[in-house]
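Commentary on secondary and tertiary structure
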Amino acid sequence: MGRKVRDSAFLLCTITVTIWLYVFGKFNLLVADKVYVQPICLSSKLTSFYNISTEVVSWDNVENEIKNVQPGGHYTPKDCISTWKVAIIVPYRDRENHLRVFLRYIHPFLQQQQLEYGIFVIEMPLNAAFNRGLLMNVGFNESKMVLNYNCFIFHDVDLLPENIKNIYKCSGHPKHMASAIDTRNYTMLYKNYFGGVNAFSKDQFTRINGFPNVYFGWGREDDDLYHSDKLYKTRKQRYLSDGLSNLKYTKISYELRPLYTWILIGLNNHTGQVRNEQA
């Protein structure tokens, strides 16, 4: 009698353990099936040529053509993780047709490179003297508060990349990405030209104190920054006081538009005194 009880207890224990292992094993399989680790995004399959269209179409057409972009112009690849989180900073003034062409082109270009990116268009009132360097500093300052971007590309609105292998990412040093332009027969405008499109990591741009704020009108701020990087000590006194360190501005308007983030600022001079401008 005692042996039968022991045998029955052993059989019941065996059945219980078997059921438990089966259920627990199935649960683990279900959990394993649901866990998916995304790979790092690669750009190795890109071809060299990319079709460029400079046709100016309506805003509705541009917005309908561009897919998978969140309000504010932010895009994240679906099937992989981008090593670079890129903020595209566009200093802007009264070039609506250029902006339409640029956005229609640059979004698919960057998506094909499988980059996570956001586009920021920075503007000041038309009745204020244009200050490109200050606008780019504002773009850097505002974009890094939106997302932890680790690469910042400062981009003229009238320039379009031709080669898809010209990857919009940063490297171990500041990078000039527009040294050869079709309208200049693919030659440098002049020696040490550093304008058009520049790429900086967050650390690089912070270390050189950004672009100078002293240049009103067009030009010179790129080359000044070039020398601040290559000849680090030549403008030591000014680079410590002119740039990100004395950047002050009023934010008049901030909009998450369908294909980009638009920021309108009040102009202030390089001493940090804000002028009361109206849009």
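The notes below deal with the structure included here. Owing to the predicted nature of the structure, the values given are computational and were not obtained by experimental measurement.

**Focus: the environment of Ile 40**
By secondary structure assignment, the location of Ile 40 is in the loop between α1 (2–34) and α2 (59–65). Ile 40 sits 41 residues away from Ile 81 along the chain, and the two C-alpha atoms are 4.8 Å apart.

**So, the nonpolar core**
With 38 residues, the main nonpolar core has Ile 88, Leu 110, Ile 119, Val 121, Ile 153, Tyr 168 and Tyr 260 as its most contacted residues. In terms of nonpolar packing, the next biggest core, distinct from the first, is built from 25 residues, Phe 154, Phe 194, Ile 208 and Phe 211 among them.

**Observations regarding unusual backbone geometry**
A positive phi angle, close to 50 degrees, is found at Asp 94, a residue other than glycine. Inspection of the secondary structure assignment puts Asp 94 in the loop between β2 (85–92) and α3 (96–112). Asp 94 sits in the exposed class, given a relative accessible area of 59%. Positive phi, normally seen in glycine, also occurs at Gln 114, with a value near 55 degrees. Structurally, the position occupied by Gln 114 is in the loop between α3 and β3 (116–123). When its relative accessible area of 31% is taken as the criterion, Gln 114 is described as partly exposed.

**Details of the state of the cysteines**
With the rule as written, the count across this model stands at two disulfides. With its sulfur 2.1 Å from that of its partner, Cys 151 forms a disulfide with Cys 170. Here the S-S torsion is close to 85 degrees, and the disulfide linking Cys 151 with Cys 170 is therefore right-handed. Here Cys 151, found in strand β4 (residues 151–155), pairs with Cys 170, found in the loop between β4 and β5 (175–176); they are 19 residues apart in sequence, far enough to count as distant. For the pair Cys 151 and Cys 170, a shared accessibility class is recorded, and that class is buried.

Reading the values: the criteria
Residues numbered from 1 in each chain as written. Predicted model: local features only at pLDDT ≥ 70, side-chain atom pairs only at ≥ 80, totals over all residues. Heavy atoms only, no water. Helix = DSSP H or I, 4+ residues; strand = E, 2+ residues; numbered from the N terminus. Core = buried A, V, L, I, M, F, W, Y, C linked by side-chain atoms within 4.5 Å. Buried < 20%, exposed > 50% of the residue type's maximum accessible area, 1.4 Å probe, protein only. Disulfide = S-S within 2.5 Å.

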